[in-house]
Structures are given as C-alpha cells and as structure tokens.
Amino acid sequence: MNNTFVVLKKEYLHIVKSLAFWLSTVFLPILMLALMVLPVLLVSKQKTENTIYIKDESNCILRYIEEKELKREGISEVKLKILDGKNLSLDELKNKVENKEVDGVLIIPENPFNAKEAKFYARNLSNFSLISKVELILNNAITKKAAEDLKLGSEAMQKISHKLNLEGIKILKGKEKKEGALTSFFAVFVLFFILYTAILGYGAHILRAVLEEKNTRVVEILVSSISPFKLMIGKILGVALAGITQILIWAFAFLIISFGASQGLFMEKLPSLNFLQISFFGIFFVLGYLLYASLYAALGSLFSSEQEAQQMSTIIILPLILPIFIMQMIIQAPNSTLAVVLSLIPFFTPLLFYLRMLVETPPLWQIVLSILLTSGTVLFVIYLSGKIYRVGILMYGKRPNIKEIFKWIKA
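Model, not experiment: these values are computed from the prediction.

Engineer: How should I be thinking about the overall build of the chain in this particular structure?
Structural biologist: If you tally the helices and strands in the chain, you get 16 helices and six strands. The buried share of the chain, reckoned over its 411 residues, is 42%. Considering only residue pairs separated by 6 or more positions, the chain has 74% of its internal contacts joining residues 24 or more positions apart. Summing over all exposed atoms, the chain offers an accessible surface of approximately 23300 Å²; the carbon and sulfur share of this is 64%.

The following block contains the structure:
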C-alpha cells in the first residue's frame, strides 16, 4: 500500500505542477461560457440594417405594413422598402437578391388567409433573426386586415394584438428566483460539457501514461518493486485526486461569484444550483473517471503504439458520446421512462443522470440506485482491468486476441 501511495503522489504532483493543468482550470469554464454567451451578445448588439422588398399578390396586405410597425415591435434595424407588385416581376426581384441589391424579398400570396405560407427569398437563410422579424410584421399586418374586415374597433384590435412575454421563475426549495430560459440552459450546457471534458480528458491521460511507461520499458523497473495491479490503482487514484483538486477550485470560484452576485456587485442573474447539483458534479466525475480510466489503463496495456490504442479507444468513448446526441431529449423530458432507464445504465449514468439532476432533481431512490449500480460496475471493471493490465503491461510485439484476454481474466 505504501508503494501505491508513492505512485499516487507522483501522478498527482506531475499533473498539478504542469502548466496545462492550471490553464485548463482557469480557461476551460471561461471558454465554454464564452462559446455560448458571446454569439448571443454579439447578435443582440448588432446594428446592421436589412432591406427587404415586398411583392403583395393579394393587393390587400401591403398597406398594413409600415416602418413604424417595425419600430414599435423593437425591430427597427430592419430597413423596410415597399415595392408594388406590378412594377417588378418575380425574376427581377430574385436578381436583386442575387446581385446583393437587397437582403430579401417577401412574396405575399393571393389569398393570405387560406395560404399556409408566404415565400421569402434571400441569400442567407441562416439569418433567423431577420426571417423571424419579417414573419412577425407579416402576421401583424394580416391580423390588422382581418380585424378591419370584421369591423372590430381599436379597443378590440388592441386586445387581439396584445402580446405577453414569459418571465422565467425557478422554484427551488420553496423559494422563487427569476431566471431566464437561456441562462438556465447555458448553466446546464456548461456543466454537462465540463463534466464530459473532465472524464474524457483525465481518462485519456491514463492511456497516454500507460503507453509511455510501456514503450520506454520503465514499467519493467516499476513492477520489480510494486505489483502491476497496485501500480494501476496508484496511477488511477493519483490522476483522480488531481481532477478533484481542479473541481474544488472551480467550486470555490463559483461560491465567490455567487456571493458577489448576492451582494449586487456583478452578474445579478446567476443560474440557480442547489447543494445536490454542486456536490454530485464531483461524485459523478469520480465515478465516471474511475470507470473509464480503468478501461483506458487496460487498453493501454494491450498495445505498444498510441495510434493503435487511440483507434480502439473509440469503442470505449461511445457511451460518453451518446449522451451528447440525446441531451436535448433529456432536457425536455428528464423524467420520461427512456430518460430514467438510460440514466441508470452505469456507462451512461455519470453524464445522463447528472444532466437530469441539473434540469430537475430525480427521486431519492433513483439517486441512490444510480450510485449503487455505477459503484458496483466501477469495482467490477477495475477488477477485470487489473487482470488484463498485469499481463498486458509486460507484453511486447504480439497483439493479444480476444481469446487470450479471456484467459488472462480467468487466470
């Protein structure tokens, strides 16, 4: 056990003293936040003008679209230019778009009340902001025309066109906290991907360390004074301790920011995180890391080159990649049968169950069950990986097949 501690200490200090560790500690959360928040801020601050031409084939909607309507709706950055449908053909309007004379052309159909859609020609259809604003002013104009046909007065018209904005209020332990939907989503997104990056990054570190020691034959010297299993455990726990150190630094920084926000110093609308969400970040990191680091250690012992090991590591990280693809589904329905079942599968649990926790705290029995199932799987995987590691770490040249690996496990 003393030798195991020596290996643990060596691995821990090797990581914590490195520049990469501190750069990732400081800049990873900042980078994740910036990648999501900055584009939104830049779009909201954008002052560019867009010119759109309108061709009204119904001859009854165009007169209800005015530039002051844009300003009233808070979309004054759209510069509206009205064209009579008789003056220019559709092909001429399309050419104006293609020649960059205008940003878009709106074609109002002959019968807008029965039509399902209106056509909008543009060079850039990924400009969702412009498209949504054009759609808004068109529907407002159609509403005005309908109100006039029904002979509705100004008071009735005001009621029809009245809109309500949703104010997000999160309920947490009987208390209310105002929180925008985007703010809440960003918090879930950032924490989910930091956890994913931490598990994957520290697990891959084990793979590289094992391969390096095997290729330099340092491991042959090490196993003369410590058993291969204890060597593997020491390496895994040392790297785990470095990861926990990084998480504690992040948690301390978050507490300082939260305190400052509570005093009104900055960032008044911080996302709400309860004790379970903060503490289980560390718990699921440890469980996820131990699970995948053990697999990485076994994988590294089987190969002599990093290229071969990296190719095979794709199979290991597949359970880590799947939660990214179903992330949106879990956020929308965290307590659905599919979400519950998938989050209780140990190889998915660290990411999927924690994602559910960020959205809505699961029942206590599910929390306990997830920890028990994952802990049991971790112990089982460490046991199997240790049997593979103790033989594979001293093998060179010949790559073992599946039949031989099963013989090592049975031995």
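Now that the structure is up, let's keep going.
Engineer: What's the story with the nonpolar core in this structure? I'm lost.
Structural biologist: Note that soluble globular proteins tend to have their nonpolar side chains buried in a common cluster. Counting residues in each nonpolar core, the largest one holds 77 residues, and the members touching the most others are Ile206 and Tyr289. When sequence neighbours within four positions are dropped, the list of residues in contact with Tyr289 reads Ile199, Tyr202, Gly203, Ile206, Lys235, Ile236, Val239, Ala240 and Ser294. In this structure, Cys60, Phe120, Val134 and Ile142 belong to the second largest nonpolar core, which totals 16 residues.

Engineer: When you look at the pattern of salt bridges in this model, what are you seeing that I'm missing?
Structural biologist: Two side chains of opposite charge can pair, provided their charged atoms sit close to one another. Inspection of every chain in the model, using the stated rule, returns three salt bridges. Here Lys10 and Glu11 are joined by a salt bridge, their closest N and O atoms 3.6 Å apart. Relative accessible area serves as the criterion here: at 3%, Glu11 is assigned to the buried category. Across the pair Lys235 and Glu11 runs a salt bridge whose closest N-O atoms are separated by 2.7 Å. Here Lys235, found in helix 9 (residues 228-262), pairs with Glu11, found in helix 1 (residues 2-16); they are 224 residues apart in sequence, far enough to count as distant.

Engineer: Is there a simple way to think about the packing of helix 15 (residues 364-392) against helix 16 (residues 402-410) in this case?
Structural biologist: A packed helix pair is summarised by two numbers, namely the angle formed by the two axes and the spacing between the axes. The contact between helix 15 and helix 16 brings their axes to 8 Å, and the two run at 110°. In terms of orientation, helix 15 and helix 16 fall into the roughly perpendicular class. As for how helix 15 packs across helix 16, the hand of that crossing is right-handed. Here helix 15 contributes Leu384, Lys387, Ile388, Arg390, Val391 and Gly392 to the contact with helix 16, which in turn contributes Ile405, Trp408 and Ile409. Split by residue class, the contact of helix 15 with helix 16 holds six nonpolar, one polar and two charged.

Engineer: When you look at the packing of aromatic side chains in this model, what are you seeing that I'm missing?
Structural biologist: Geometry of an aromatic ring pair is reported as the spacing of the ring centres plus the angle between the planes. Scanning the entire structure with this criterion turns up ten aromatic pairs. Ring plane angle 80° and centroid distance 6.2 Å describe the contact between Phe193 and Tyr196, whose orientation is recorded as edge-to-face. Highlighted residues: Phe193 and Tyr196, both in helix 7 (residues 181-215), separated by three residues, approximately one helical turn. By the burial criterion, Phe193 is buried, and Tyr196 matches it. Through a chain of ring-to-ring contacts, the aromatic side chains of Phe280, Phe281, Phe284, Phe353 and Tyr354 assemble into a single cluster.

Engineer: Just to check I follow, could you spell out the confidence of the model for the chain for this structure?
Structural biologist: Parts of the prediction with low pLDDT should not have their coordinates interpreted in detail. Confidence in the prediction of the chain, expressed as mean pLDDT, is 76, and 75% of residues score 70 or more. When mean pLDDT is compared element by element in the chain, helix 13 (residues 337-343) scores highest at 91, while strand 5 (residues 169-172) scores lowest at 47. Note on residues 164-172: pLDDT under 50 across the span, and 17 contacts to partners over four residues away in sequence or across chains. Taken as a whole, residues 264-268 scores under 50 in pLDDT and shows six contacts with residues more than four places along the chain or in a different chain.

Engineer: Help me understand the packing of helix 10 (residues 275-302) against helix 15, please; the structure alone is not making it clear to me.
Structural biologist: Two elements in contact, helix 10 and helix 15, have axes separated by 8 Å at closest approach and are oriented at 20°. By the angle between their directions, the pair helix 10 and helix 15 is classed as roughly parallel. Two packed elements cross with a definite hand, and for helix 10 against helix 15 that hand is left-handed. A class-by-class count of the residues in the contact of helix 10 with helix 15 yields 17 nonpolar, eight polar and no charged.

The rules behind each value
- Residues numbered from 1 in each chain as written.
- Predicted model: local features only at pLDDT ≥ 70, side-chain atom pairs only at ≥ 80, totals over all residues.
- Heavy atoms only, no water.
- Helix = DSSP H or I, 4+ residues; strand = E, 2+ residues; numbered from the N terminus.
- Buried < 20%, exposed > 50% of the residue type's maximum accessible area, 1.4 Å probe, protein only.
- Contact = heavy atoms within 4.5 Å.
- Areas by Shrake-Rupley, 256 points an atom, 1.4 Å probe, with all protein chains shown as cover.
- Core = buried A, V, L, I, M, F, W, Y, C linked by side-chain atoms within 4.5 Å.
- Salt bridge = Lys/Arg side-chain N within 4 Å of Asp/Glu carboxyl O.
- Axes fitted to C-alpha atoms, helices over the stretch in contact; angles between N-to-C directions.
- Parallel < 35°, antiparallel > 145°, perpendicular 65-115°, else oblique.
- Left-handed = near helix turned anticlockwise from the far one by under 90°.
- Nonpolar A, V, L, I, M, F, W, Y, C, P; charged D, E, K, R; others polar.
- Phe/Tyr/Trp six-rings, centres within 6.5 Å; stacked < 30°, edge-to-face > 60°.
- pLDDT = per-residue confidence, 0-100.

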